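An overview of the molecular structure
For reference, the chains in residue letters:
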Amino acid sequence: MKAITRNSYGSPEVLKVKSLEKPLPTGSEILIRVYATTVNRTDWGILTGKPFPIRFFSGLFKPSSPIPGTDFAGQIEAIGKNVKSFQVGDKVWGLNTSGLSSHAEYMTIAEDQAVTTIPEGLSYEEAVACGEGAHYALNVINKVHIKEGNKVLVNGATGAIGSAALQILKHFNAYVTAVGNTQNIDLLKSLGADKTYDYLQEDFREDKEKYHFVFDAVGKSSFAECQHLLLPKGVYISSELGPHAQNLYLPLITKFLGSKKVIFPIPRNDKRSILFINSLLEKGEFRAVTDRKYSINKIKEAYKFVASGQKTGNVIITF
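Heads up: these notes are all about the structure in this document. (Residues numbered from 1 in each chain as written. Predicted model: local features only at pLDDT ≥ 70, side-chain atom pairs only at ≥ 80, totals over all residues. Heavy atoms only, no water.)

**With respect to helix α9 (residues 270-282)**
With 13 residues, α9 should cover 18 Å at 1.5 Å per step; its first-to-last C-alpha distance of 18 Å lies within 8% of that length. Of all the residues in α9, the buried ones are D270, S273, I274, I277, N278, L280 and L281. Angularly, the buried residues of α9 cover 160° about the axis, an arc narrow enough to put them on a single face. Buried residues belonging to α9 abut β5 (91-95), β7 (115-117), α4 (132-141) and α5 (160-171). (Helix = DSSP H or I, 4+ residues; strand = E, 2+ residues; numbered from the N terminus. Expected span 1.5 Å × (residues − 1). Buried < 20%, exposed > 50% of the residue type's maximum accessible area, 1.4 Å probe, protein only. Arc of directions from axis to C-beta. Contact = heavy atoms within 4.5 Å.)

Below, the structure is given as structure tokens:
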């Protein structure tokens, strides 16, 4: 099988396409022929080993797996003797934000991990683009209690995380102000945004409206810059560490000082996330946003584009 490999942390230049032996499923594993995967922010962290805490999951001094990749969509070609939840021929998708070795034509995963069947009518590419970004978005939203009519501002609403957060918030009947660039304003409206800001033309921080929650999905703002947008007892959440890693310690400080708080979302439970998103897909309440598609031979270009911070939604790799 063809696979993307690397032996050390580094830039996309360390990546190589190699021919490797196809893995075999053990007792509770399923063998998947991968038809689509993505390159996402987590993949970039696992590739570079930065920020350093990611190495506690991916390997302290060198990658624990030579094959990167955190999500997949494909078809089951073989199953272990103890597998009961799936059968050969099932079309499935899944995720593991600690690493899954899914940048390959074949991969194995235990049936009790974050893997589920693809809803009827959904392509492999559409399914795989519902993984990593939606997982992080859901883990942000799960940290607070969204009530119907709550006002939420989402900065970076056109990225994989932001576009997923916008749709999940609308599922909970929140009022959402979405911040994006000029070319994606219509996209934000189509995803359900009640109000939009084009950051190339206007500064959302000058908004006169007050919000229950401000969610920065791109890490390009700070609590100090946004706290005036919050209602009393309002919450600021960022998907990034923030300047000087302040979003790690501000939750402790703001817990005791003032009524406005910072929460830093530590993502958990990949399986819960994909099952929730799958339920929305089955009801037609969620759709993935995709920017570009690359072949496996263009993997370096895909990683470089993701690192540029210019993508809208997801970047797909096809086999």
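**Here's the deal with the packing of aromatic side chains**
Applying the stated criterion across every chain yields a total of four aromatic pairs. With a centroid separation of 4.8 Å and an interplanar angle of 20°, the aromatic rings of Y35 and Y124 are classed as stacked. Residue Y35 is found in strand β3 (residues 29-39), and its partner Y124 is found in helix α3 (residues 124-128); the two are separated by 89 residues along the sequence. Seen in terms of ring centroids, F52 and F56 are 6.1 Å apart; in terms of plane orientation they differ by 90°. Their pairing is edge-to-face. Owing to a relative accessible area of 45%, F52 belongs among the partly exposed residues under this scheme. The class of F56 is exposed, set by a relative accessible area of 62%. (Phe/Tyr/Trp six-rings, centres within 6.5 Å; stacked < 30°, edge-to-face > 60°.)

**Observations regarding empty space enclosed by the protein**
Using the criterion set out here, one finds two cavities of 30 Å³ or more in the structure. Considered as a void within the structure, the largest cavity measures approximately 60 Å³ in volume. Every residue lining the largest cavity is listed: V140, I141, V144, I146, V152, L169, F213, F215 and I237. Elements represented by at least two residues in the lining of the largest cavity include exactly α4 and β11 (211-216). When the residues that make up the lining of the largest cavity are grouped by side-chain class, the tally is nine nonpolar, no polar and no charged. Secondary-structure elements contributing two or more residues to the lining of the second largest cavity are α4 and α5. Among the residues forming the lining of the second largest cavity, the class breakdown is eight nonpolar, four polar and one charged. (1 Å grid on protein atoms, 1.4 Å probe; cavity = no way out; pocket = protein on both sides within 12 Å on 5 of 7 lines; lining within 4 Å. Points joined across faces, edges and corners; volume = space filled by probe spheres on them. Nonpolar A, V, L, I, M, F, W, Y, C, P; charged D, E, K, R; others polar.)

**What about the sheet that holds β11?**
Ordered in space as β10-β9-β8-β11-β12-β13, the six strands form an open sheet in which the pairing is parallel. Of all strands in the sheet, those bounded by a partner on one side alone are β10 (195-198) and β13 (261-263). For this sheet, the mean angle separating the axes of adjacent strands, direction not counted, is 15°. Relative to β13, strand β12 (residues 230-238) runs parallel, the two being bridged by three bridges. (Pairing = 2+ DSSP bridges. Axes fitted to C-alpha atoms, helices over the stretch in contact; angles between N-to-C directions.)

**Quick notes on the layout of surface pockets**
Size it by volume and the largest pocket reaches roughly 890 Å³. What lines the largest pocket is a set of 26 residues, among which P51, I54, Y136, F264 and P267 lie closest to the centre. Only α1 (41-48), α2 (55-58) and α4 provide two or more residues apiece to the lining of the largest pocket. Of the residues forming the lining of the largest pocket, the biggest block, five residues, is contributed by α1. Looking at the lining of the largest pocket, its residues break down into 14 nonpolar, seven polar and five charged. The space that makes up the second largest pocket amounts to roughly 760 Å³. Contributing to the lining of the second largest pocket are 31 residues, with A217, V218, K220, G309 and Q310 lying nearest its centre. Secondary structure elements with two or more residues in the lining of the second largest pocket: α1, α5, β9 (175-180) and α10 (299-307).

**Some remarks on the packing of α1 against α10**
Two numbers describe how α1 lies on α10: the axes approach to 10 Å, and their chain directions differ by 110°. Classed by the angle they form, the pair α1 and α10 counts as roughly perpendicular. Here R41, D43, W44 and L47 of α1 lie close against α10, whose contacting residues are Y303, V306 and A307. Per-class residue counts for the contact of α1 with α10 are five nonpolar, no polar and two charged. (Parallel < 35°, antiparallel > 145°, perpendicular 65-115°, else oblique.)

**Quick word on α4**
Among the 10 residues in α4, 10 count as buried, and that is most of the element. Of the positions making up α4, those classed as buried are E132, G133, A134, H135, Y136, A137, L138, N139, V140 and I141.

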